[in-house]
Structure formats: C-alpha cells, structure tokens
Amino acid sequence: MEKHKYFDENSMAVIDAIANSIAIGMKPADPETKIIVTIPAHNEEKVIVTCLESLFNQYSVFNQNLVARLKATFVPEEWDFAPNHADNSGPSLAVRADVYEAVGGMRPLGFCEDIAFYDSIIYGGFKVRHCPETIVTTSSRQDPRAPWGFGAELKTWNDESSIIFEVEGLKALLERLKIYNLVEALYLTKTQKFLERASFKSGLDKDQLTDYFLKYPTFNAMNLKIEKDLDELASWRERFPKQNVCLAVQDLEDFLTN
C-alpha cells in the first residue's frame, strides 16, 4: 500500500513534521514590580515592560521570528517558506509515526528533551514546516516538574529585578547565512572549495566540517550542527559579541524593510 503523504495546508511540498507557533499563557507580574532592560549602547536603563508576557514577546516573537524571516529570505526551503516562525518545542509539534521511529523517539532527558527530539528530526534529513497560523498556548506555571525546565526559567525571570536579554546582532546573523549558503553549495556540487570557505568564515576546523558532511544527509542538518557549534565557539563570540535584544530587533526590522 502506498504511504499517505502529509501536506501542510499552505504548501504542496511533502513534509515529515509540523511545528506550530507557541504562545505562553502568562499572568502579569506584581503591578509594583518593574522589569528593567538595560540598553548598554545608550548607557542608561529604561523600563521596557512590566509583565512577563511582554518580555517574552519582546524576545521570542520579535527577535526569533525576524531571524526566521531572515533565514527564509537568504536560505529558502520549498517546504518551510515565509511566513514561518522559530518555535521548535514539544507543546506544538506533530511528527509522522515513521519519522518518530526512525529518529529513535524522544530521549529520556531531564529537560529540553523536546528540543533534542526536534534536532534529531533535522539531523535525520527530514523536512519540518513551521506553520504560523496555528498557535498553541502552553502553561506559564512556575512550579515546574523539571527543575531545569522552562517553568524554572520563568520563575527566574519573575524573581529577578533586572533582566538583560542579549542575542546575536545583524552582522553575525548575515555572516552565519553566508556560511549556510556555502554548505548548501557544498551539498549541491560536492566541491571542496565550498567546505574550505565555510571553514575559513566560521573558524571551525576543516576536518570537523568534513566529518559533518560525511555524517549528515542534508545541508540543513549540517547547518544546524554548525549553528550549535558557533554558539559555543569562543572566537566567533569575540568577533560578534551579543547585543541587547531591543537593539537587535530594531536592526533586523530596518534591514528587512529596506
């Protein structure tokens, strides 16, 4: 019997998993509590938000989804075209049963097991569509079952008198996208020069990148591994220090609208 093919409602591309957008059902913080966001470039502190929901939206909705839009522009995928989003966690993830079995299911980790599961789908060479229309609201509980899970992070946010969100700025993101394009060209042409250029631009060892190329079935899988490596690479962070999320969002919006 021919297997049933799953399609995203917005696409005719065959996909293996669907990640829907995540919203968090949060209650406002104490009215007397001010969450302060420091803007180093201005050498001053400004009160940006007074509730956790606004803070999360500032970080997740604005920044991460602008980054997703940037990636969709420069590293397009026929099955995950814009508009899309950056959420990839368990509260809103649908996966075909055969794909679940192929990647070994969800590992029994203490926390972030859903993110690791999502990553295993990409590493396995499967296609994921990030649907922007369906939004799933997840819990905002601050008495989490997992001591290092998202509930614990929410409690930290609520308990802190000052929170600084720092993310990669536009220059770093554009440099990453150049590297991802080189990796895509490597998979399409099997030409060594693209691997060498990716190594030079990223600062990652050429032999290490060669191992990734031999291990991962798609350029998306290899790019995800490079993305995680760059997050931990000291030389990359020295070249591209993180910046306040408010400034990063402004730079991204200006770039994408001009």
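Above this note sits the structure.
Residues numbered from 1 in each chain as written. Predicted model: local features only at pLDDT ≥ 70, side-chain atom pairs only at ≥ 80, totals over all residues. Heavy atoms only, no water.

A. Looking closely at the overall build of the protein. The number of helices and strands found in the protein is ten helices and seven strands. Within the protein, the fraction of its 258 residues that count as buried is 41%. For the protein, restricting intrachain contacts to residue pairs at least 6 apart in sequence, the fraction spanning at least 24 positions comes to 70%. Summed over its atoms, the accessible surface of the protein is roughly 14300 Å², and 53% of this surface lies on carbon and sulfur atoms. (Helix = DSSP H or I, 4+ residues; strand = E, 2+ residues; numbered from the N terminus. Buried < 20%, exposed > 50% of the residue type's maximum accessible area, 1.4 Å probe, protein only. Contact = heavy atoms within 4.5 Å. Areas by Shrake-Rupley, 256 points an atom, 1.4 Å probe, with all protein chains shown as cover.)

B. Inspection of the environment of Gly169 at higher detail. Along the chain, Gly169 turns up in the loop between strand E6 (166-167) and helix H5 (170-189). Judged by its relative accessible area of 7%, Gly169 falls in the buried class.

C. Region of the structure containing the packing of aromatic side chains. In the structure shown here, the tally under the stated rule is six aromatic pairs. Ring centres 4.7 Å apart and planes at 50 degrees place the aromatic pair Trp236 and Phe240 in the tilted group. We note that Trp236, like Phe240, is buried. An aromatic cluster is built from Tyr123, Tyr212 and Tyr216, whose rings are joined through pairwise contacts. (Phe/Tyr/Trp six-rings, centres within 6.5 Å; stacked < 30°, edge-to-face > 60°.)

D. Focus on the pattern of salt bridges. What the rule picks out here adds up to twelve salt bridges. Between Asp98 and Arg96 there is a salt bridge whose closest N-O contact spans 2.8 Å. On the basis of relative accessibility, which here comes to 17%, the residue Arg96 falls in the buried class. Salt-bridge contacts for Glu175 lead to Lys178; the nearest nitrogen and oxygen are separated by 3.9 Å. One end of the pair, Glu175, and the other, Lys178, are both in helix H5, three residues apart, so they sit about a helical turn from each other. Its relative accessible area of 12% is what places Glu175 among the buried residues. (Salt bridge = Lys/Arg side-chain N within 4 Å of Asp/Glu carboxyl O.)

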